[in-house]
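Structural characterization, general
Now for the letters of each chain:
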Amino acid sequence: MFRLSWNGFRERWSLFIGAIVTVCLGVALVQSSLVLLLAAVTGDAPRGSSAIEIMTFDESTTVAITVLSMTLALSAFLAVFVISSTFAFTVAQRQRDLALLRLVGGSRSQVRRLLTGEAVLLGLTGTVIGIPLGVALTSFQERLLARLDLSPSGFDPATPVWVFGASVGVGVGLALAGVLMAARRAARVQPLAALRSTGAARRSMTAGRWFVGIVALAGAGALVLLSPKGGASGGQAMAPCASICGAIALAMLAPVLVSPIAALLLLPFRGVLGRLASANVRDSVRRNASTAAPLIVLVGLVVGQASALSSFASSAKDELRAGTSADLVLESTRPLTLDVSQVQGVRSASTEIDVPIALTLGSGEDRTTESGRLLVVDPTAYAVAHPRAGSLDKLQSQTVAAGPGALGMSPGDTVSVRIGDQRLGKLPVVAKATQTIGGGAALLAPAGLVPTSVLAEAHSRTFVSLEAGADRAKVSAALADHGSVMSIERWLDDSSSEDTKTSTNILLVILGLGAAYALIGVVNAVAIGAAARAHEFACARATGLTRAHVVRTALLESVSVTAAAVMLGLVAASTSWVAVMTTTAEVTGTGALSLPWDIIAGLVGVVVALTTVTSVITSRNATRQAPVALLAARE
Amino acid sequence: MTTTLTQTAAAISMRDIHRTYGRGSAEVRAVDGVDIDFPRGSWTAVMGPSGSGKSTLLHIAAGLEHADSGRVFLGDSDITSSSDRQLTALRRSRIGFVFQSFNLVGSLTAEQNVSLPLRLAGRRPSRADVKAALSSVGLADRGRHRPRELSGGQQQRVAIARALVTGPEVLFADEPTGALDTTSAHSVLDLLRATVDAGQTIVMVTHDPAAAARADSTVFLRDGRVVDHLAGASAGALAARLVQLEA
């Protein structure tokens, strides 16, 4: 069996190249994300760091771990998805070969073993190329993280040797997982299928597809309904997931959706080529679904995530604008030696000192520790500068309040706070500020709780309200010695563009490589699909079509399928749009939806361009030989 | 009508075979109550107009397709309702196939193609066995060639060697000369004749009266029914009968 696998592999390497490429890139992507995640998890702050430095290091480590876990999860998801759909398609293209094997006495289990053997070969080949590629990718991702400020300073990932072993397991495992379902289906092929040159119409919708599709669709629906009930943080976590579920659902249901939509899109083309393309599109359900599935996932995922991020960012900006009452903001990197409220012309000032902390909640098995931020505030002044935050009157010495970005904390709870190696002990939560979409500090604490040695290194921000008729320039000048002073409008713009930049960076790291990977899957499917059509193209030319006609028809088909897939991807993304609007409406009172048109337009442009170019190149390749030679040649 | 062609024990017996495709107005009775015995050690050709049910009958006889009703016997075994596993075992040892389009595995050499059924059956054929099978079809020196490096006639002879290497009770041939030029067709028919003379049973579907004339007898089908059988008829007589049936 292995020998037959090996021979098949050598003979049909061009058909398998797509499978190898997907395994190779999948291995590289997963390995690289794993190495970086390991480095982030095991990294320690440099020796001799101060309390604040240690906490800052821990905080950016947490960010890096979160981003990298998501990258790893997404890489693994896309690898499984792209590899299994490529393998399934490769297997489907060889139905006749497999039937032939059955005809000369091959059993079902031998067909399965043959395909499994091939998968191991493909997996190993892909892994051998994927491992060094992964090493290169690690240094690229590392630089990307550093450049986008998403990794802690001094982040230096080393690749432990065992990771290479893990990569072999990942490569072979992914290939095997990818081929498992396809091999089961292929083994059911009837020997008689080898005798039918056209191949009987194959069922493309399996019970498994229906099941996963409907479950994922239900999941998307549930997430849309639950997002507004999840509060600021829960809603923000659930809304982007709705489009992931939606994309999986529509990709699974692609065989019943893509062909009818694509045929509908071809309705305006009433010429001969248009009608031929439309008939082909309706007929080739399996091929269309294989091309469309990675596209649906790609568009659904990228547009869904990007829309959710940009909408929440814009909602947070509006919320911040509405929830902040001040004229000037003073940002300072040193302890303030000045009581700002005593400055001439200042009506009130809320100085907030920003301290990175490790926060422990709950007890026993439910204990969780996470990094967060604590703001040292004057409760009265804070309530004036942030009128929507609610009352903090109960906040007194040795107590804390849940901040606007607190997670799962309410008055009555007790939390432990650590800053570097300094422990502040157990503190009762006595009040809770209103939760915001934009998040923010996890805890608010009164002065006197945090040791002065720590405060000496902390940054502070002061929101200043002026008295009626006060001279803004004069007050600014008085504060200028103590830090940088800016108008509230400027500060709002700066901080929201900073937030947007961070979320765009995160999106770039998490989705960028994954999107490139999914695009390769799409190109693969288009190429495999067109390569297998040489005989069909030759028939069309023998009927009177010119080579240009054939290429144009194939292009029409390809573009209509791509358009159908993009539409379905946008439908998947729209589940997140609904979830984002209901969540922001619930939390801030105003539903917000801000679509990242540049990303959407760029993505659609790249997708259409890639499928167009691939379709033209592969259909030109498949029609290079004279049709009569192709029609006469039968293996 | 039970068409018993000779009194020797039949290699394949088919009893009251029915097979219908489609439903309603699209219903086609491909095989409509056929009773037939294919005698052992003899070469039977099956002829008939297009759509007469020749290929369906062959597929049912070979266990590639199930009949809607009726029974099929391979020697003493009733294969009518054999499982996939049992049919696989049959194909490995008791049945061989040759087709119009050769159906060789393109990635394997002639030798590897010939030894494939034995390997699938878990046997390790010796080089000499495989060589012998190839030289019996006159291709001893082509063992290392892949199908695409061989002519159509050579490919068909490799296919015959592959079908015969397991020593099957019956060799089924579906238009074995349909894709060949006359010279290649001649040599393939000579080869088949030689195997029958050595005791092989062959059931062959063909359109070609010249091919059918090389068989021991010819069965004619029309509209899924056996309508005639001729033994030892010339190509001209067979062609005339076929023209009559097609009219």
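These numbers come from a predicted model, not from an experiment.

**Let's talk about the domain arrangement of chain A**
Many authors give the size of an interface as the accessible area that is lost as the parts come together. All names here are of chain A. Here the domain parsing of chain A yields domain 1 (1-202), domain 2 (218-323 + 495-635) and domain 3 (334-482). Listed as interface residues are 9 residues of domain 1 and, on the opposing side, 13 residues of domain 3. On the surface where domain 1 and domain 3 come into contact, there are 0 salt bridges. The interface formed by domain 1 and domain 3 includes 0 residue pairs in polar contact (both at pLDDT 80 or more). Per-class residue counts for the side of domain 1 that touches domain 3 are 4 nonpolar, 3 polar and 2 charged.

**Observations concerning unusual backbone geometry**
Residues and elements named next belong to chain B. Positive phi is not limited to glycine here, since Asp16 has a value of about 50 degrees. Within the secondary structure, Asp16 is located in strand β1 (residues 10-21). Under the relative-accessibility criterion, Asp16 is labelled partly exposed at 41%. Positive phi, close to 50 degrees, is recorded for Glu175, a residue that is not glycine.

**Let's talk about the interface of chain B and chain A**
Contacts between the two partners involve 25 residues from chain B, matched on the other side by 24 residues from chain A. Together chain B and chain A conceal approximately 2,300 Å² of surface at their shared face, both sides included; 55% is due to carbon and sulfur atoms. At the junction of chain B with chain A, the criterion picks out 2 salt bridges. With a shortest N-O distance of 2.5 Å, Asp84(B) and Arg102(A) are connected by a salt bridge. Linking chain B with chain A are 7 residue pairs in polar contact (both at pLDDT 80 or more), by the criterion used here. Taken together, the elements giving at least two residues each to the side of chain B that touches chain A come down to α2 (84-93), β6 (95-99), α3 (110-120) and α5 (152-164) of chain B.

**What to know about the domain arrangement of chain B**
All names here are of chain B. What the domain assignment reports for chain B is domain 1 (10-94 + 169-246) and domain 2 (106-167). The C-alpha-based centres of domain 1 and domain 2 are spaced at 24 Å. Counting residues at the interface gives 13 residues for domain 1, matched by 13 residues for domain 2. Summing both sides of the interface, domain 1 and domain 2 together bury roughly 1,100 Å²; the carbon and sulfur share of this comes to 66%. The largest share of the area that domain 1 buries against domain 2 comes from Arg92, Leu171 and Leu191, three residues that together contribute 46% of it. Across the contact surface, domain 1 and domain 2 share 2 residue pairs in polar contact (both at pLDDT 80 or more). When residues of the side of domain 1 that touches domain 2 are traced back to their parent elements, those giving at least two are α2 and α6 (182-197). Ranked by residue count, the leading element in the side of domain 1 that touches domain 2 is α6, at 6 residues. Grouping the amino acids of the side of domain 1 that touches domain 2 by side-chain chemistry returns 6 nonpolar, 5 polar and 2 charged.

**Let's talk about the sheet that holds strand β5 (residues 77-78) of chain B**
All names here are of chain B. Taking strand neighbours across the sheet as the criterion, the 4 strands line up as β2-β1-β4-β5 in an open arrangement whose pairing is antiparallel. Only two strands of the sheet have a single partner each, and these edge strands are β2 (28-39) and β5. Where β1 lies against strand β4 (residues 69-74), 5 bridges are found, and the strand directions are antiparallel. From the neighbouring strand, Ser13 faces β4, where its bridge partner is Phe73. With respect to the sheet, helix α1 (residues 54-61) is in contact with β1, β2 and β4, its orientation differing from that of β1 by roughly 125 degrees.

**Description of the packing of aromatic side chains**
In total, this model carries 4 aromatic pairs over all chains according to the counting rule given. When the centroid spacing of 5.1 Å and the interplanar angle of 90 degrees are considered together, the rings of Phe463(A) and Trp491(A) count as edge-to-face. Pair noted here: Phe463(A) is in strand β8 (residues 459-466) and Trp491(A) is in helix α15 (residues 488-531), with a separation of 28 residues, a long-range link. Classification of Phe463(A) as buried rests on a relative accessible area of 4%. Through pairs of rings, three or more aromatic residues link up here, namely Phe97(B), Phe99(B) and Phe172(B).

**Some remarks on a positive patch on the surface**
All names here are of chain A. On the surface, a cluster of positive charge is contributed by Arg112, Arg184, Arg185 and Arg188. For Arg185, the location among the structural elements is in helix α6 (residues 162-187). You can call Arg185 partly exposed: its relative accessible area is 33%.

**Quick word on the packing of helix α11 (residues 285-323) of chain A against helix α17 (residues 547-588) of chain A**
For any two helices packed against each other, one specifies the inter-axial angle together with the distance between the axes. Residue and element names in this part refer to chain A. α17 packs onto α11 with a crossing angle of 30 degrees between their chain directions and a minimal axis gap of 7 Å. Comparing the axis directions of α11 and α17 gives the class roughly parallel. The two elements α11 and α17 cross, and the hand of that crossing is right-handed. Its residues assigned to classes, the contact of α11 with α17 shows 17 nonpolar, 13 polar and 3 charged.

Rules behind the numbers
Residues numbered from 1 in each chain as written. Chains lettered and ligands numbered in written order. Predicted model: local features only at pLDDT ≥ 70, side-chain atom pairs only at ≥ 80, totals over all residues. Heavy atoms only, no water. Domains from an automatic or database assignment. Contact = heavy atoms within 4.5 Å. Salt bridge = Lys/Arg side-chain N within 4 Å of Asp/Glu carboxyl O. Polar contact = N/O pair within 3.5 Å; in protein donor to acceptor, adjacent residues only side chain to side chain. Nonpolar A, V, L, I, M, F, W, Y, C, P; charged D, E, K, R; others polar. Helix = DSSP H or I, 4+ residues; strand = E, 2+ residues; numbered from the N terminus. Buried < 20%, exposed > 50% of the residue type's maximum accessible area, 1.4 Å probe, protein only. Buried area = accessible area lost by both parts, 1.4 Å probe. Pairing = 2+ DSSP bridges. Axes fitted to C-alpha atoms, helices over the stretch in contact; angles between N-to-C directions. Phe/Tyr/Trp six-rings, centres within 6.5 Å; stacked < 30°, edge-to-face > 60°. Patch = residues over 30% accessible without salt bridge, like charges linked within 9 Å, V, L, I, M, F, W, Y side chains within 5 Å. Areas by Shrake-Rupley, 256 points an atom, 1.4 Å probe, with all protein chains shown as cover. Lys, Arg positive; Asp, Glu negative; His and termini not counted. Charge placed at Lys NZ, Arg CZ, Asp CG, Glu CD. Parallel < 35°, antiparallel > 145°, perpendicular 65-115°, else oblique. Left-handed = near helix turned anticlockwise from the far one by under 90°.

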